[in-house]
Amino acid sequence: MDKEHEVLLNAFVIAKKRYRVFYNAGILVWEDESSKKAKTTVPITDVLSVSVSKLPHANGKQWMKRSKAAAAAAPPPPHPPAAAIVRNEAHGSLDSDRIPVLSGSTTTNTLATTSSNIPHNHSNRGSLNDLSDDDRREASDYLDAGTIQAADFKYLILHYAALVCQKTNRWRVRAVALHNSEPRLVELWYNRLSSDLRDQNRPKHLLLFLNPYGGKKNALALYERYAKPLFRLAGVDINLIITQRAQQIYDIVTSKSILLDNYDGLVCCGGDGTFAELFNGLVTRTMMDCGIDIKHPAYLPKPNIPIGVIPAGSTDTVACCLNGTTDIKTCIIHIILGQHSGLDISAVYSADAAAKCDEGASPAGTGRPRPQLLKLFASALSYGYLGDIAYDSEKYRWMGPKRYDYSGFKKFLANRGYNAEIVVHLDRRGKQDPNDGVRCLDKCARCRKAKYGRDCGGERASYEDDDTEPLVVRGKFLMVSGANISCSCERSPQGFSPYCHLGDGLLDLVLVRHTSMFNNLRLLLTMTSKTKKLSELPFVEIYRTKEFRFTANGQSETNGGENAPAISSEMMRRSKWNCDGEVLLDTNIIVESNCQLIQVFRRGILPAGTAGNGGIDQRAAATNPADDKESCCFGLCN
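Scoring rules and cut-offs
- Residues numbered from 1 in each chain as written.
- Predicted model: local features only at pLDDT ≥ 70, side-chain atom pairs only at ≥ 80, totals over all residues.
- Heavy atoms only, no water.
- Salt bridge = Lys/Arg side-chain N within 4 Å of Asp/Glu carboxyl O.
- Helix = DSSP H or I, 4+ residues; strand = E, 2+ residues; numbered from the N terminus.
- Buried < 20%, exposed > 50% of the residue type's maximum accessible area, 1.4 Å probe, protein only.
- Pairing = 2+ DSSP bridges.
- Core = buried A, V, L, I, M, F, W, Y, C linked by side-chain atoms within 4.5 Å.
- Contact = heavy atoms within 4.5 Å.
- Disulfide = S-S within 2.5 Å.
- Polar contact = N/O pair within 3.5 Å; in protein donor to acceptor, adjacent residues only side chain to side chain.
- Axes fitted to C-alpha atoms, helices over the stretch in contact; angles between N-to-C directions.
- Parallel < 35°, antiparallel > 145°, perpendicular 65-115°, else oblique.
- Left-handed = near helix turned anticlockwise from the far one by under 90°.
- Nonpolar A, V, L, I, M, F, W, Y, C, P; charged D, E, K, R; others polar.
- pLDDT = per-residue confidence, 0-100.

Inspection of every chain in the model, using the stated rule, returns 18 salt bridges. For Arg170, the salt bridge goes to Asp327, with nearest N and O atoms at 3.4 Å. Here Arg170, found in strand β8 (residues 170–179), pairs with Asp327, found in the loop between α7 (317–323) and α8 (328–337); they are 157 residues apart in sequence, far enough to count as distant. Across this residue pair, the class does not change: Arg170 and Asp327 are buried. A salt bridge links Asp436 to Arg544; its shortest N-O distance comes to 3.6 Å. Taken together, the positions of Asp436 in the loop between β16 (418–427) and α11 (445–452) and Arg544 in strand β19 (residues 540–545) put the pair 108 residues apart, joining distant regions of the chain. We classify Asp436 as partly exposed; its relative accessible area is 30%. With a relative accessible area of 3%, Arg544 lands in the buried category.

Let's shift gears to the pairing of strand β4 (residues 39–43). Within β4, four of the five residues are buried, leaving the element largely enclosed by the surrounding structure. As defined by bridge partners, strand β3 (residues 27–32) adjoins β4 across five bridges and the pair is classed as antiparallel. Of the residues in β4, the one forming a bridge with Trp30 is Thr40.

This next bit is on the nonpolar core. Judged by nonpolar contacts, the single largest core of 64 residues is most densely connected at Phe275, Leu343, Phe496 and Ile598. For this core, the element with the highest residue contribution is helix α6 (residues 272–289), accounting for seven residues. Judged by nonpolar contacts, the second largest core, of 34 residues, contains Leu206, Ile242, Ile310 and Ile328.

Take Ile333: it is sitting in helix α8. For Ile333, a relative accessible area of 1% gives the class buried. Once the C-alpha coordinates of Ile333 and Phe601 are considered, the two residues, 268 residues apart in sequence, prove to be 9.8 Å apart. In contact with Ile333, not counting residues within four places along its chain, are Ala161, Trp171, Arg172 and Val173.

A separate point is the state of the cysteines. Inspection of the entire model under this criterion finds zero disulfides. Summary of cysteine pairing: Cys321 is not part of a disulfide, and the nearest cysteine sulfur, belonging to Cys320, is at 5.6 Å. In this model Cys500 remains outside any disulfide bridge; the closest cysteine sulfur is found in Cys487, 7.2 Å from its own. Take Cys500: its relative accessible area is 4%, and that puts it in the buried class.

Phi is positive for Gln247, close to 65°, though the residue is something other than glycine. Inspection of the secondary structure puts Gln247 in the loop between β10 (237–242) and α5 (248–253).

Looking now at the side chain of Asn180. The residue Asn180 is located in the loop between β8 and α3 (183–198) in this model. A polar contact of 2.9 Å, which involves the side chain of Asn180, links it to the backbone nitrogen of Glu182. Sequence-distant contacts of Asn180, defined by excluding residues within four places in its chain, comprise Ala11, Phe12, Lys154, Leu185 and Val186.

Moving on, we get to the packing of helix α4 (residues 219–234) against α8. Viewed as axis vectors pointing N to C, α4 and α8 meet at an angle of 30°, and their least axial separation amounts to 10 Å. With respect to each other, α4 and α8 are oriented roughly parallel. Remark: the crossing between α4 and α8 carries right-handed chirality. Residue-level contacts link Leu222, Tyr226, Ala227, Leu230, Phe231 and Ala234 of α4 to Ile328, Lys329, Ile332, Ile335 and Ile336 of α8. A per-class count over the contact of α4 with α8 returns ten nonpolar, no polar and one charged.

Let us look at the confidence of the model for the protein chain. Within the protein chain, residue pLDDT values average 77, and 72% of them lie at 70 or more. Between the elements of the protein chain, mean pLDDT differs from a low of 38, seen in helix α14 (residues 625–631), to a high of 96, seen in strand β9 (residues 205–210).

So, on to the environment of Leu156. By secondary structure assignment, the location of Leu156 is in strand β7 (residues 155–165). Taking the relative accessible area as the measure of exposure, Leu156 reaches 0% and is therefore buried. As a C-alpha pair, Leu156 and Leu55 span 101 residues in sequence and 9.6 Å in three-dimensional space. Those residues in contact with Leu156 that lie beyond four places of it in its chain are Val50, Ser51, Val52, Val176, Ala177, Leu178, Val186, Trp189, Tyr190 and Leu193.

Shown next as structure tokens:
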């Protein structure tokens, strides 16, 4: 009988109560025999690990007691007896702040660690020398599939992911201990669940880049406290590289000395700038492997390795839009579970190099050599107000994240506007409305259609010339922004454009006209509001487009060898571009969106009214109600 039709049905004891446990077609269900209301349904796609045990340590209390006792005890002997350290240890409720982080490493290489306050070696697992005597005794209680028959194990320990608060999209790891007096049944269930977990094609070897200087400079502490225990629980090997300078991630990824095929994914721990370095390097490396000119590429190839982000920056806009939250545990869980989907990446080209192209013509559809590629961005590209903030704040990096507030206040009082001309390529059919009210959620129909539709069928994900028409917009602008995603975050819950999708191959162009100081205040209040949107302001225009061209008015032009007439200093004033938090000095640019250029580890944001993955009802196991209250976002969701 094959797995799809094979049914496992047995009685287990959970917290001194008998439960009927049912498993079929990747769905695990256990319900109280005395009350059918106490029922929990968990798909195999949400299970992180399965192990066997002699002890019912599923609520974390026993581990906490042993940890406190070990801290007060003497250090272990220098040469402890050999013992088997298993791959899947059951440490109870995997809220990582309850679990000690074991130092030392035998599986992780760390590069560029020159700072004295940063340890040289990090690992997702602890070595044998780091375990106390009690820890060694517990390690012998958990065995993997190769030694399961060596002793009688009567507990099956499951760790699974549960959506604990849909309002904040927070996931947590829950644990349950299933007891049966017959070790044969425990072995049967363990082998079947372990086999199905191996079929999930989850990442087992990850290359992780950590930026210790971004945001509040606590990325290393966050990794040690949250990421390391969870990766160890799921049996994921981590090759950790701690960066020490800007563009180091880009240099490492593009180096031929590193074999990306050895990894199941690339992950960064940092902010939006760290994530931008990672995918810029990955796309560049893919172009190099394909023999494409990285300065003037004919097209941008899609990398075949997914990437992920662990938020540890100032705003973490990308992580918030991908997962619906900046909660670090949630983002780590999504990486471990291995599901990924496409993310649009927009390319920034130099418009000065393409000056000979016809006015309003699309660089993708002219058939001419492409202009110079300057940068790729995943969240937003902003000129004017936000560009001034990014450029000015570089002088105050010693202030940390507060430098953005300081520079923002200065530029708000200055209230500078910039003359510009924008050529927007709009859908001739008029079907792309940036205010259609459709958000990008789980199993998004628009993103799926863009992936399998004709817009993404070739090397370039671009409209045909007959499908678009150019619209020229001129004037004085406070801010010009190209939003590749909604750009929502804690500071701006609605972002630039709340209905911008992650994988539809389009970006939203947000134009904010230069206006009075009072209207600028309205703009700032709207950006920080949980309900109001920028499109509601009369001086804001939003266009959904495949590409646009920006030209700053006031540049000196030559005509037949003669200079153009002199212009005022007001017209000559220019700003800088804020590209994913980095300053871009080129002013005249062409921006083009690339449909789902990269794959990112994420699970779709569930629509309101659903619970669990794919609408499957997922309730906490009735093992300890007090633990359930603690694990539900630690009260932060109430």
